[in-house]
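# Report on the structure
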Amino acid sequence: MQAINWPALIVFVLLFGFITWLGFAAAHWRKGDLDLLHEWGLAGRRFGTIITWFLVGGDLYTAYTFIAVPALAFGAGAIAFFAVPYTIIIYPILFLAFPRLWNVCHKHGYITAADFVRGRFGNRWLALCVTLTGIVATMPYIALQLVGIQVVIGGLGLSGTGFLADLPLIIAFVILAAFTYSSGLRAPASIAIVKDILIYVTALAAIIVIPIKLGGFESIFSAIPPDKLLLASPGANTTGAYGSYATLALGSALALFLYPHSLTAILSASSAHTIRRNAAMLPAYSLMLGLLALFGFFAFAAGVAHLPEFEQGFKEFGNNFAVPALFLHAFPSWFVGIAFAAIGIGALVPAAIMSIAAANLYTRNIHREFINSNPTDKQEAQMAKWVSLIVKFGALVFILFVPTQYAIQLQLLGGIWIIQTLPAVLLGAYTRWFDSWALLIGWAVGIVAGTAMAYAAHLTPIYPLTIGGLSMPGYTAFYTLILNLVVAVIFTPLLKPLSSAPSTDKTLPADYYA
Amino acid sequence: MSEHQKARRGWSWWYLLFMVQFIAVLWPPFYNSVEPRWIGIPFFYWYQLLWVIIAAVFTAIVYFATESEGGHVAGGRGAQNGQQE
């Protein structure tokens, strides 16, 4: 049994206390009427370039990413680095498409992707598909953030049996739920600033200190087995690991901004310029993520998996314990506290934004659309606050009572599902050509085929597609998106003559520009 | 604004710069090798990390180039400091 690391624990608790205070104080920051949904859920769309940078960075580069990407490098090697091309190509997409979406959402008061789809295509069922996909894909993602907290709590040496074992996580969860309820999006925005500073400090220290301790990069990489150091060269008649690597990067990039929490953070920006400027500034986080992926190799070279003091941690958390073990191994205790706080707080920021995004979706696109079509502003905001609590509580219950493996698998499926909303949301920002029912059929085919392919691939992201003797293993989300698009393109001309209603597009071409 | 201005807002030739980074990082045969190393880091890793920086510079270039083309001025500038809605 690992002993409690007191200096690290004290620093960790102090930093957690500070952000708890900050989360509640945030309610008064750039004060708005928190009884309005766009004030609570989008912080009044007033965040400038710098705050948006912290918020989107804290939102997209989640604690789980910081644990899981190095863990993948630690276990599987070079393939984990797909996260780098992935986070390179998201920015052209952000730069080109999202200012358009921001403008149209701003003009019409849309706060979710489903709001936009409802207005653009006038089909409440298509909007419902986008809503449900968003909520279902978000839930396991929140659960995985709590896994991130669990891993660092384990690293601090806090352990127990039964209820006591879960107590630290429950405390962290209650803090998260309370400040999100009271301050809305302002809370994660203010906390993101603290979290990002902590994580940059940690990453910089690690990239300088650890290679020196391990005798330089040369000796670190010479400790990595050759088959993990590079992608395996594809043999004849297959695109092999190259195809997997590229489709993982491309598919993940196309899916990222369709997640509700991404759009929530983007829509809280004060202008389309803010978004475009951030597309050039956010890669600073990608660089850090790339360095963090290297930490997986550092951990491998340091041999943390074979040190007796980390045996318990690896048994409990698997490779996800690689980075916490590396920090415990390489840093003085007080600094471990800072590094772990960075990860723990880093989990709260996206978890808060995800629960707000899911709450916005339920409130606007299910409750208002199908249950109570004429709520007062206050009722609407109150509903969202309650839903944000329910969503987080669901994620907590999931993590406490269901094996972590299921959350990971559901999150994988979530990526395959959310990408199916791309034609309606992202292409919808450019064209009204598609028939809304054709989009719905394409979505359904993509969801069913993607789920079936994922099961056939034993819930791994790579599906071994073979066409005419050529084997092309690749990311299921990417392949099923193509299928979805083909179906939508085929059905659009077939269904268009059948729809008797005149154009239901509430948006005008000029709405997509500033 | 005129129709011509609208069209220019929709497309800029500067956007082609984005294509370069897609090709550079999505084609693994370009970079799946150990040599040449840089301070001991295999090419596979430092090449992709370097592209993070190059891509950011490209994006900044496109940003400044398209902003100064004048098509994007209306409406947005005033809100830059984040104070107003």
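Here the structure is a predicted model, which means the values were calculated and not measured. (Residues numbered from 1 in each chain as written. Chains lettered and ligands numbered in written order. Predicted model: local features only at pLDDT ≥ 70, side-chain atom pairs only at ≥ 80, totals over all residues. Heavy atoms only, no water.)

### Points about the overall build of chain B
Threshold: Helix numbering and strand numbering both begin at the N terminus, where a helix is a DSSP run of H or I of at least 4 residues and a strand a DSSP run of E of at least 2. Each residue's exposure class comes from its accessible area (1.4 Å probe, protein chains only) as a fraction of the maximum for that residue type: buried when under 20%, exposed when over 50%, partly exposed otherwise. Should any heavy atoms of two residues lie within 4.5 Å, those residues are considered in contact.
Helix and strand counts for chain B come out as three helices and zero strands. Starting at the N terminus and ending at the C terminus, chain B contains elements arranged as α-α-α. Within the span of chain B, comprising 85 residues, buried residues form 42% of the whole. Taking all contacts inside chain B whose residues are at least 6 apart in sequence as the whole, residues at least 24 apart take part in 49%.

### Some thoughts on the overall build of chain A
The test is simple: What the globule rule says is 2.2 Å times the number of residues to the power 0.38, and the radius of gyration is computed from C-alpha atoms. For the area figures, the Shrake-Rupley method with a 1.4 Å probe applies, and any residue is considered shielded solely by the protein chains shown. Lys and Arg are tallied as positive, Asp and Glu as negative. Neither His nor the chain termini are counted. Where a charge lies is defined by one atom per residue type, namely NZ (Lys), CZ (Arg), CG (Asp) and CD (Glu).
Within chain A, the regular secondary structure consists of 23 helices and two strands. The C-alpha atoms of chain A give 23 Å as radius of gyration, which agrees with the globular expectation for 514 residues (24 Å, within 12%). Overall size of chain A, expressed as C-alpha extent along the three principal axes, is 70 × 60 × 45 Å. Expressed as a percentage of the 514 residues in chain A, the buried residues total 64%. In chain A, the share of contacts with a sequence separation of at least 24, taken over all contacts with a separation of at least 6, comes to 84%. Accessible surface, chain A as shown: approximately 17,700 Å² in total, 70% of it carbon and sulfur. One finds the centroid of the 24 positive side-chain charges in chain A at a distance of 9 Å from the centroid of its 18 negative side-chain charges.

### Remarks on the nonpolar core
Rules: Each nonpolar core is a collection of buried residues, namely Ala, Val, Leu, Ile, Met, Phe, Trp, Tyr and Cys, held together in the definition by side-chain atoms within 4.5 Å.
A:Phe98 and B:Tyr45 are the most contacted members of the largest nonpolar core, which totals 219 residues. Broken down by element, this core gets its largest block of residues, 21 residues, from helix α18 (residues 333–371) of chain A.

### Looking at the interface of chain B and chain A
Which entries qualify depends on this criterion: Any carboxyl oxygen of Asp or Glu that lies within 4 Å of a side-chain nitrogen of Lys or Arg is treated as forming a salt bridge with it.
With 46 residues of chain B in contact, the opposing surface of chain A contributes 42 residues. Remark: the boundary between chain B and chain A carries two salt bridges. The salt bridge involving A:Glu218 is made with B:Arg37; its shortest N-O contact spans 3.6 Å. Sorting the residues of the side of chain B that touches chain A by element identifies α1 (3–10), α2 (16–26) and α3 (43–68) of chain B as the ones contributing at least two each.

### Some thoughts on the packing of aromatic side chains
Our working definition: Classification of ring pairs uses Phe, Tyr and Trp, with its six-membered ring standing for Trp, and accepts pairs whose centres are within 6.5 Å; under 30 degrees between planes counts as stacked, over 60 as edge-to-face, and the remaining range as tilted.
Enumeration according to the criterion identifies 43 aromatic pairs over all chains in this entry. The interplanar angle of 20° and the centroid separation of 5.8 Å between the aromatic rings of A:Phe74 and A:Phe314 together place this pair among those described as stacked. With A:Phe74 in helix α4 (residues 63–76) and A:Phe314 in helix α16 (residues 311–317), the pair connects residues that are 240 residues apart, well separated along the chain. For A:Phe74, a relative accessible area of 8% corresponds to the buried category. Between the aromatic rings of B:Phe44 and B:Tyr45, the centroid separation amounts to 4.9 Å while the plane-to-plane angle is 80°, which identifies the pairing as edge-to-face. The same class applies to B:Phe44 as to B:Tyr45, namely buried. Ring-pair connections join several aromatic residues into one group, and the members of that group are A:Phe81, A:Phe221, A:Tyr245, A:Phe297, B:Tyr31, B:Phe43, B:Phe44, B:Tyr45, B:Trp46 and B:Tyr47.

### Details of α2(B)
Within α2(B) the residues assigned to the buried category are B:Phe18, B:Gln21, B:Ala24, B:Val25 and B:Leu26. Buried residues in α2(B) make contact with α5 (83–108) and α12 (240–256) of chain A together with α3 of chain B.

### A word on the pairing of strand β1 (residues 462–467) of chain A
All names here are of chain A. Cut-off, in case you're wondering: Between any two strands, pairing holds if DSSP finds at least two bridges.
The buried count for β1 comes to zero of six residues, which makes it a mostly uncovered element. In this sheet, strand β2 (residues 470–475) lies alongside β1 in antiparallel orientation, the contact comprising six bridges. Residue pairing for β2: Pro464 is matched across the bridge by Pro473. Taking the residues between adjacent antiparallel strands as the criterion, β1 and β2 are bridged by two residues, where Gly468 takes a positive phi near 55°.

### Some points on a nonpolar patch on the surface
Residue and element names in this part refer to chain B. Threshold: Only residues whose relative accessible area exceeds 30% and that take part in no salt bridge are eligible for patches, with like-charged residues grouped when within 9 Å of each other and nonpolar side chains (Val, Leu, Ile, Met, Phe, Trp, Tyr) grouped when within 5 Å.
Together, Trp11, Trp13, Leu16, Met19, Ile23, Trp27 and Phe30 line one region of the surface with nonpolar side chains, adding up to about 850 Å² of accessible area. Looking at where Leu16 falls in the secondary structure, it is placed in helix α2. On the accessibility criterion, Leu16 (43% relative accessible area) is partly exposed.

### Describing helix α1 (residues 6–25) of chain A
Residue pairs spaced three or four apart in an α-helix point in one direction, given the helix's 3.6 residues per turn. Our working definition: Multiply 1.5 Å by the residue count of a helix minus one, and that product is the helix's expected span.
Given a rise of 1.5 Å per residue, 20 residues ought to cover 28 Å, and the 28 Å separating the end C-alpha atoms of α1(A) matches this to within 8%. Residues A:Ala8, A:Leu9, A:Val11, A:Phe12, A:Leu15, A:Phe16, A:Ile19, A:Thr20, A:Leu22 and A:Gly23 constitute the buried set of α1(A).

### Digging into the environment of A:Gly58
Residues and elements named next belong to chain A. Along the chain, Gly58 falls in helix α3 (residues 49–60). For the pair Gly58 and Ile191, spaced 133 residues apart in the sequence, the C-alpha separation amounts to 8.9 Å. Beyond its immediate chain neighbours, meaning those up to four positions away, Gly58 contacts Lys195, Asp196, Tyr285, Val349 and Pro350.

### Focus on the pattern of salt bridges
Going through the model one piece at a time under the given rule, you end up with 13 salt bridges over all chains. Residues A:Glu369 and A:Arg118 are paired through a salt bridge, measuring 2.9 Å at the closest nitrogen-oxygen approach. Separated by 251 residues along the polypeptide, A:Glu369 in helix α18 and A:Arg118 in helix α6 (residues 113–121) bring together distant segments of the chain. Between A:Arg276 and B:Glu67 there is a salt bridge, and its shortest N-O distance comes to 3.0 Å.

### Quick word on the confidence of the model for chain B
All names here are of chain B. The condition is simple: What pLDDT expresses is the predictor's confidence in each residue, scored from 0 to 100.
Taken as a whole, chain B shows an average pLDDT of 76; of its residues, 68% reach a score of 70 or greater. In the model of chain B, α1 stands out as the element of lowest mean pLDDT, 50, in contrast to α3, which has the highest, 92. Across residues 1–8, where pLDDT falls below 50, the model places four contacts with residues more than four positions away in sequence or in other chains. Contacts for the low-pLDDT stretch residues 71–85, under 50 throughout, to residues beyond four places or in other chains number 32 contacts.

### Considering unusual backbone geometry
Glycine aside, residues mostly have negative phi angles, and peptide bonds mostly take the trans form. For the peptide bond that leads from B:Glu35 to B:Pro36, omega is -5°, which places it in the cis range. Checked against the element boundaries, B:Pro36 lands in the loop between α2 and α3. Despite not being glycine, A:Ala43 has its phi angle at roughly 50°, a positive value. With respect to the element layout, A:Ala43 can be found in the loop between α2 (37–42) and α3. Unlike most non-glycine residues, A:Asn237 shows phi in positive territory, near 60°. Here A:Asn237 lies in the loop between α11 (226–229) and α12. Using a relative accessible area of 56% as the deciding quantity, one classes A:Asn237 as exposed.

### Re the environment of A:Ala272
Residues and elements named next belong to chain A. Along the chain, Ala272 falls in helix α14 (residues 272–281). Residue classification places Ala272 among the buried residues on the basis of a relative accessible area of 8%. Through-space distance from the C-alpha of Ala272 to that of Ala302 is 46 Å; in sequence the pair is 30 residues apart. For Ala272, the contacting residues outside a window of four places in its chain are Pro99, Trp102 and Asn103.

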